[in-house]
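Inside the fold
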Amino acid sequence: MTVKRISKNTRTTFITYGFVAAAFAVLQVLNSSGDLSPLLSGMLIPICAWVVMAISLNLTVGILGELSLGHAGFMSVGAFMGTTAAIALQRSVESAPLRLAIAIVVGAVFAAIVGFLIGIPVLRLNGDYLAIVTLAFGEIIKSIFTNLYVGIDERGFHMSLLKDRTDLLPGGKLIIAGPMGIGGVERISTFIAGFVLIMICLIVIFNLVNSRAGRAIMALRDNRIAAESVGISVTKYKMMAFVTSAAMAGGAGALFALNYSTVVANKFDFNNSILVLVFVVLGGLGNMLGSIIAAAALTILPEALRQFADYRMLVYAIVLILVMLGTNNPQIKNAFATCFDWLKGVFRKQSAKVSGERKEV
Amino acid sequence: MAKIFSKNESPLVPMPSEAYIPQRDLNKTPVLECRRLGINFGGLVAVDDFNLIIGRTEIAGLIGPNGAGKTTVFNLLTKVYQPTKGTILLNGQDTHDMNTVQVCKAGIARTFQNIRLFNNLSVEDNVKLGMHNSIQYGMVRGIFRLPSYWRQEKSAHERAMELLSIFNMEDMANTKAGSLPYGAQRRLEIVRALATNPCLLLLDEPAAGMNPSETAELMENIVKIRDTFQIAILLIEHDMNLVMNICEGICVLNFGRIIAKGSPEDIQANPAVIEAYLGKKKEA
Ligand SMILES: Nc1ncnc2c1ncn2[C@@H]1O[C@H](COP(=O)(O)OP(=O)(O)O)[C@@H](O)[C@H]1O
Ligand SMILES: [Mg+2]
């Protein structure tokens, strides 16, 4: 009995790792043998990116317990900075996977810095300020990137806002061209890289959750006053979770952007922030496997049902409301619980029959 | 027989704040000294002119009718509220510039009247959170699971089990704190507070909602905790049996002011206390 309970946490962790690894293996095999539909095979990398977005937002929303409405903003920072790095290193770093790795790291670092700057004023406050500020941040970052010009020549990087005043020397290259974004990107993202990124994020989150810092973060979520009373610094641990989450979103942004030949700021708008939040809520707060499945399913669905895509947001809204009602309604909860118990009972009976074991009372 | 006196006027007992430190603690710095502590909420004077000295290994009681300001005193000591008046000396050190976290590190631990556990975490994790500041490894070591992570988690686990064994709660270690029965939640709060390694433990109505046999056990355990850890305990409690049996000094609060201080015998015989609790005695 006790042994069973001890392993519960660890079991969930390994089920999640196992699920991701298995899904990757199956998709990879199908993809290389050409058995995957072109639609799905083209979706593999975006799915990875959205999965990383979902699990990273789950760190902020589910584990830290703070609402963030601008997660796509961090993705945007990662996308632009990562792609810029990839383009700048085009000549000096030959190997594409290495360049991709550097781009992801650069994207993550910049997103983390931005997250830190936002966190300094906001995470000191208690209440829903983070939601409000991240909402604004998402919009601000979008208009910054639609008005940003960044170029590179042998003197180094040049940037300007609103108008192209980079004055590049001949031979220089304009990387970010305002509303046009970044064009002519070499598509170096790979499915394997996406899988590795997901695994790294999962390992970081699970190891964090089971460590001293992660416990402190969850303690803040459960009861801030009690957490302070046992000597846990609120700002420090909120910051830790928020910045980690932003960094992962930045990495996802770089992975996502380097899968397309152009990057424009409009791709990372408020709708996407909400979409990621929907993945998290649907999958269950704090439930990483749920987030992964929800992100993957909801990324494929609208593509598969292209003709209904206009109603996509409508359906999401309805589903979201239903799920919220469901999770807050004790009757529906009980109904689900009864279902699960019944299922468990059936399975247990069967396994008892098979192994001839005595049923546990 | 009952005397009538106005609230501001000092009643029968003169109040030397150090009057009831047990003999054994007399020559040591008191663990806590409050001088003229006070706080207002807007116009409401919740606590005023609160003077108290607690000896190093004393079990002291803070009693008074509902709304007297007892919990507010705890909130002042732990800096949930910043006092508007007065000083708090913890081990002789002024806590004026400290916040809740620093006060905890300086040695005050507490429980809450309305239980505040980390409900979604296991009992063991709740206790380990109490040890947060005595576990040393940082975030990066935790994520990479370096040897220090395993070493410290192992010793934290052992220590948590040891602390849980005070209340025979080891077998609940993996239960979610939120799903524990009420009494066990109260006990877990005490264990979590002890895990911070305090020199002064504040218990806010530890026996509330417990049945008589649970209360009796709790009484023994409070004394046991004081004896084993050699710490001071200040407790708020309405169960007079508990207070009179284990407290060495008692301080009675009414309308935010101390109306009496003394040993259990003194307090039981004090007409001001009787009046505060029972109202003015009617002539038969
Ligand atoms: N944060 C606050 N704001 C305003 N009034 C408060 C606050 N906290 C406590 N009080 C008031 O202070 C008085 C004492 O409350 P409390 O310390 O909780 O009493 P008790 O002795 O029952 O623990 C009450 O009148 C309460 O309404
Ligand atoms: Mg109270």
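Before reading further, recall that the structure is shown in the block above.
Now for a look at the structure at hand. (Residues numbered from 1 in each chain as written. Chains lettered and ligands numbered in written order. Predicted model: local features only at pLDDT ≥ 70, side-chain atom pairs only at ≥ 80, totals over all residues. Heavy atoms only, no water.)

Details of the overall build of chain A
Along the backbone of chain A there are 13 helices and three strands. Scored against the burial criterion, the 361 residues of chain A give a buried share of 48%. Partitioning the intrachain contacts of chain A with sequence separation of at least 6 by distance along the chain shows that 74% fall at a separation of at least 24. Just so you have it, chain A exposes about 17600 Å², and 67% of that area is on carbon and sulfur atoms. (Helix = DSSP H or I, 4+ residues; strand = E, 2+ residues; numbered from the N terminus. Buried < 20%, exposed > 50% of the residue type's maximum accessible area, 1.4 Å probe, protein only. Contact = heavy atoms within 4.5 Å. Areas by Shrake-Rupley, 256 points an atom, 1.4 Å probe, with all protein chains shown as cover.)

Section: the coordination of the magnesium ion (ligand 2)
When a metal holds four donors in a tetrahedron, each ideal angle between them is 109.5 degrees; when it holds six in an octahedron, the ideal angles are 90 or 180 degrees. All names here are of chain B. Summarising the metal site, the magnesium ion (ligand 2) is bound by the protein donors Thr71 (OG1) and Gln113 (OE1), whose distances to it range over 2.0 to 2.1 Å. A residue pair is termed long-range when its members are at least 10 positions apart, and Thr71 in helix 1 (residues 70–77) and Gln113 in the loop between strand 6 (108–110) and helix 3 (123–130) qualify at 42 residues. Relative accessible area serves as the criterion here: at 23%, Thr71 is assigned to the partly exposed category. Gln113 sits in the partly exposed class, given a relative accessible area of 32%. (Donors = N, O, S within 2.8 Å, 3.2 Å for Na, K, Ca; no water.)

Quick word on helix 5 (residues 147–164) of chain B
In a regular helix each residue adds 1.5 Å, so 18 residues correspond to 26 Å; helix 5 of chain B covers 26 Å between its end C-alpha atoms and thus fits that length. If you check which residues of helix 5 of chain B are buried, you get Ser148, Tyr149, Gln152, Glu153, Ala156, Ala160, Met161, Leu163 and Leu164 of chain B. Residues of helix 5 of chain B that are buried sit in contact with helix 7 (212–222) of chain A together with helix 3, helix 4 (139–144), helix 6 (182–195) and helix 7 (212–229) of chain B. (Expected span 1.5 Å × (residues − 1).)

So, the environment of Gly231 of chain A
Counting through the fold element by element, Gly231 of chain A comes out in the loop between helix 8 (224–229) and helix 9 (234–257). In this structure Gly231 of chain A comes out as buried when scored by relative accessible area, which is 2%. For the pair Gly231 of chain A and Ala72 of chain A, spaced 159 residues apart in sequence, the C-alpha separation works out to 34 Å. Those residues in contact with Gly231 of chain A that lie beyond four places of it in its chain are Val101, Cys104, Lys105, His132 and Asn133 of chain B.

Concerning the nonpolar core
Across soluble globular proteins, nonpolar side chains show a tendency to be buried alongside one another. Ranked by internal contacts, the top residues of the largest apolar core, which has 113 residues, are Phe74, Leu202, Ile232 and Phe279 of chain A. In terms of residue count, helix 2 (residues 38–64) of chain A provides more of this core than any other element does, 17 residues in total. Excluding anything up to four places from it in sequence, Phe74 of chain A contacts Ala111, Val114, Gly115, Ile118, Phe137, Phe242, Ala246, Ala249 and Gly250 of chain A. Within the second largest apolar cluster, 51 residues are counted, among which are Ile63, Ala173, Ala193 and Met219 of chain B. (Core = buried A, V, L, I, M, F, W, Y, C linked by side-chain atoms within 4.5 Å.)

Concerning the interface of chain B and chain A
The interface is formed by 32 residues belonging to chain B together with 30 residues belonging to chain A. Surface buried jointly by chain B and chain A totals about 2700 Å² across both partners, of which 60% is contributed by carbon and sulfur atoms. Between chain B and chain A we count one salt bridge in total. The interface formed by chain B and chain A holds 12 residue pairs in polar contact (both at pLDDT 80 or more) in total. Elements represented by at least two residues in the side of chain B that touches chain A include exactly helix 2 (100–106), helix 3, helix 4 and helix 5 of chain B. For the side of chain B that touches chain A, the residue count by class is 12 nonpolar, 12 polar and eight charged. (Buried area = accessible area lost by both parts, 1.4 Å probe. Salt bridge = Lys/Arg side-chain N within 4 Å of Asp/Glu carboxyl O. Polar contact = N/O pair within 3.5 Å; in protein donor to acceptor, adjacent residues only side chain to side chain. Nonpolar A, V, L, I, M, F, W, Y, C, P; charged D, E, K, R; others polar.)

A few points about the site of ligand 1
All names here are of chain B. By nearness alone, every residue bordering ligand 1 is listed as Phe41, Leu44, Ala46, Asn66, Gly67, Ala68, Gly69, Lys70, Thr71, Thr72, Tyr81 and Gln113. In the environment of ligand 1, an oxygen atom lies 2.7 Å from a nitrogen or oxygen atom belonging to the side chain of Thr71. The contact in question runs from a nitrogen atom of ligand 1 to an N or O atom on the side chain of Tyr81, over 2.9 Å. Against a free-state accessible area of 560 Å², the protein chains account for coverage of 64% of ligand 1. Examining the composition of the shell around ligand 1, we find that three residues originate from one element, helix 1, more than from any other. (Near = heavy atom within 4 Å.)

Considerations on the layout of surface pockets
In this model, the second largest pocket occupies a volume close to 600 Å³. Lining the second largest pocket are 26 residues, with Ile104, Val105, Ala108, Leu197 and Ile200 of chain A positioned closest to its centre. When contributions to the lining of the second largest pocket are tallied by element, the ones reaching two or more residues are helix 4 (96–122), helix 6 (191–209) and helix 9 of chain A together with helix 4 of chain B. The biggest single contributor to the lining of the second largest pocket is helix 4 of chain A, with eight residues. Partitioned by chemical class, the residues of the lining of the second largest pocket number 23 nonpolar, three polar and no charged. (1 Å grid on protein atoms, 1.4 Å probe; cavity = no way out; pocket = protein on both sides within 12 Å on 5 of 7 lines; lining within 4 Å. Points joined across faces, edges and corners; volume = space filled by probe spheres on them.)

Points about the pairing of strand 10 (residues 257–262) of chain B
The side chains of a regular strand alternate, first on one face of the sheet and then on the other. Across the six residues that make up strand 10 of chain B, a large majority, five, are buried. Taking the residues between adjacent antiparallel strands as the criterion, strand 9 (residues 249–254) of chain B and strand 10 of chain B are bridged by two residues, where Phe255 of chain B takes a positive phi near 50°. (Pairing = 2+ DSSP bridges.)

Looking at the packing of helix 3 (residues 71–88) of chain A against helix 9 of chain A
All names here are of chain A. Here helix 3 crosses helix 9 at 55°, and the two axes come no closer than 6 Å. Judged on the interaxial angle alone, helix 9 and helix 3 are oblique. For helix 3 against helix 9, the interelement crossing comes out right-handed. Seen from helix 3, the contacting residues are His71, Phe74, Met75, Gly78, Ala79, Gly82 and Thr83; seen from helix 9, they are Phe242, Ser245, Ala246, Ala249, Gly250, Ala252, Gly253, Ala254, Phe256 and Ala257. Classifying every residue of the contact of helix 3 with helix 9 gives 10 nonpolar, seven polar and no charged. (Axes fitted to C-alpha atoms, helices over the stretch in contact; angles between N-to-C directions. Parallel < 35°, antiparallel > 145°, perpendicular 65-115°, else oblique. Left-handed = near helix turned anticlockwise from the far one by under 90°.)

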